[in-house]
Amino acid sequence: MSVWTIAITSLFIMTAKSDIYAQQGEKDVIFNKWHLDGYVVDGKKYTPSNKEKEDYIVFREDMTLVSKSEGKEEEGTYLLNTNGAYVLMIDENGEKIKAYIISISKQFLILEYDINEMKDIEVHYNRAI
Amino acid sequence: MKEIISILFAISSCTFCFSQTTIDLKTVPFEIKNENFYISKVFDDRQENYLGVIEGNKLHFENGTDTTIKKFMDTTLPKTNDRIPITIRINNLKIEQAQTSIEERTARVYIELSFYTESGEELYKVVHYEDQAFPLSDLTEINETHEQRVRAALEYCLWSFIDHQTSNTPNNLIENRNADKANYTLEESNPQTYVPLGKWFNMLTFTKMTDRYNEGWNVAYTGFLDSENDLIIPFTLAYGQSRGKLDLVRERGYSSVNAYALGFGFNGFIKIIPSLYVDLGLNAPIGMEVLRDLAGKRSTNFLIGLGAHQGVKIILWKDFGIVIGAGLFQRWQTSKIEKRNFGFELELGINF
């Protein structure tokens, strides 16, 4: 198998994978407490800063959420858009943040926030033990 | 001969028509628990029968907009005997894409849906933009994902309707989830009205500047996203040269002075009427001044400064055309000839 064949096959698998979440509709998997594990930029992983080490998001079944970001806890609500493969988080002030779900499993969640400063940064979470 | 002319006429008529592109809405059911309604009818109230025009192609659903959306709704909320029938009217549904920054293209779906009881009572209207940003060159992926954004917009509308009914109607028609938790709104109290996705302008311009001490010119590339109401912040890259006027240069003890500068700046455009903009700018030219004294000895001087300009700009045609501008400028810089200066500028260029 030539190098080019491997590259094209990998690209096809990567492209197809982005639809897997929406097709399976595994909505219940997100109901969990997700701890911030780190960031991945251009394939390189970065651990959270000291301020972020305790960060987490809890998605509840009643569509409310609790999050901790740099030590500050906030409550809000969320909408899970299966077709758009994103979660829209709304804080108490009504401000919305959209995060595309890159992948989700029982153990891991990868989000890409639709914010200019976070473009092309994968935010990795793992499930609380 | 007549047949040939008729054929040529038919062919050229066809080239001016839009070609059609069919969008196939995939079936991706999403879970809505404990719902006691279903969508019984969908009506398309729009005047146009297409979804948008992208690069000369009219987009439409193969089986019609109302039938396609009804099928989408049936997949997630199938009819059962114990469910209440709800009617949807499609007030607006548009697919767009445009360059929205120097390195980004935005694809967008705009949707307006109204929900009614079977007797015709309006329950809720939702207005929503579903947008997604892509790198500038990603046209293929944009075209392939229009249908996903339509599905995402439809799902958003359903969730918005469900949450609105839960939070705002005491004797709500649709009983749902835990009403205590519904303390947020997905939509603002005043629904958004449709604003077209802005058009990106590229301009190449030549500017002639004259003031008391210098004559100069400047070439620039400017790119900006048009907006009817907001202050437009364009991206500008410019290069210019100016030459000191001979009599004044000699007064300062030089036979010639030439300045070469790169300009990095912030401009603001304010659209007054279509094609007419007020242009306000601040820039920081950085470059070099090359001086030759009366004995012919050459020296250089690092040039840094601050400049401002105010003017008007006329961009005659949207897609490709002429740009004409005029304005005033003020400048302070570390010049050996004159540190403070003001003058006039005339601009001519093209947009594409």
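Anything mentioned here points back to the structure above.
The structure reproduced in this document is the subject of the present report. None of the values given here were measured: they were computed from a predicted structure. (Residues numbered from 1 in each chain as written. Chains lettered and ligands numbered in written order. Predicted model: local features only at pLDDT ≥ 70, side-chain atom pairs only at ≥ 80, totals over all residues. Heavy atoms only, no water.)

As for the pattern of salt bridges
Note the threshold: A pair is scored as a salt bridge if a Lys or Arg side-chain nitrogen falls within 4 Å of a carboxyl oxygen belonging to Asp or Glu. Every helix listed is a DSSP run of H or I at least four residues long, and every strand listed is a run of E at least two residues long, numbered separately from the N terminus. With a 1.4 Å probe rolled over the protein chains alone, any residue whose accessible area is under 20% of its type maximum counts as buried; one over 50% counts as exposed, and the rest are partly exposed.
One pass over the full model with this rule turns up 21 salt bridges over all chains. Note that Lys125 of chain B is salt-bridged to Glu112 of chain B, the shortest N-O span being 3.2 Å. Here Lys125 of chain B, found in strand β7 (residues 122–135), pairs with Glu112 of chain B, found in strand β6 (residues 104–117); they are 13 residues apart in sequence, far enough to count as distant. Look at Glu112 of chain B and you get buried, because its relative accessible area is 12%. Salt bridges linked by common partners bring Asp114 and Lys119 of chain A together with Glu104 of chain B together as one network.

Considering the nonpolar core
Formally: The definition of a nonpolar core used throughout is a set of buried Ala, Val, Leu, Ile, Met, Phe, Trp, Tyr and Cys residues joined through side-chain atoms within 4.5 Å. Any two residues whose heavy atoms approach within 4.5 Å are treated as being in contact.
Formed by 42 residues in total, the largest nonpolar core has its most connected members in Leu113, Phe115 and Leu154 of chain B. Elements that contribute at least two residues to this core include exactly β6 (86–91) of chain A together with β2 (37–44), β4 (57–61), α2 (65–76), β5 (84–101), β6, β7 and α4 (146–168) of chain B. In terms of residue count, α4 of chain B provides more of this core than any other element does, 10 residues in total. Not counting residues within four places of it along the chain, the set of residues in contact with Leu113 of chain B comprises Ile88, Arg89, Ile90, Asn91, Tyr124, Lys125, Val126, Leu154 and Cys157 of chain B. The next biggest cluster of nonpolar side chains, apart from the first, holds 23 residues, and it includes Ile57, Ile101, Ile121 and Tyr125 of chain A.

A closer look at the pairing of strand β8 (residues 108–113) of chain A
For a regular strand, side-chain orientation follows a simple rule: the groups alternate between the two sheet faces. Residue and element names in this part refer to chain A. Our working rule: For two strands to pair, DSSP has to find at least two bridges joining them.
As paired elements, strand β7 (residues 96–104) and β8 share five bridges and run antiparallel to each other. Bridge pairing links Ile101 to Leu111 in β8. Linking β7 to β8, which pair antiparallel, is a turn of three residues. The pairing of β8 with strand β9 (residues 122–127) spans four bridges and is antiparallel. Looking at the pairing, Leu109 lines up with Tyr125 of β9.

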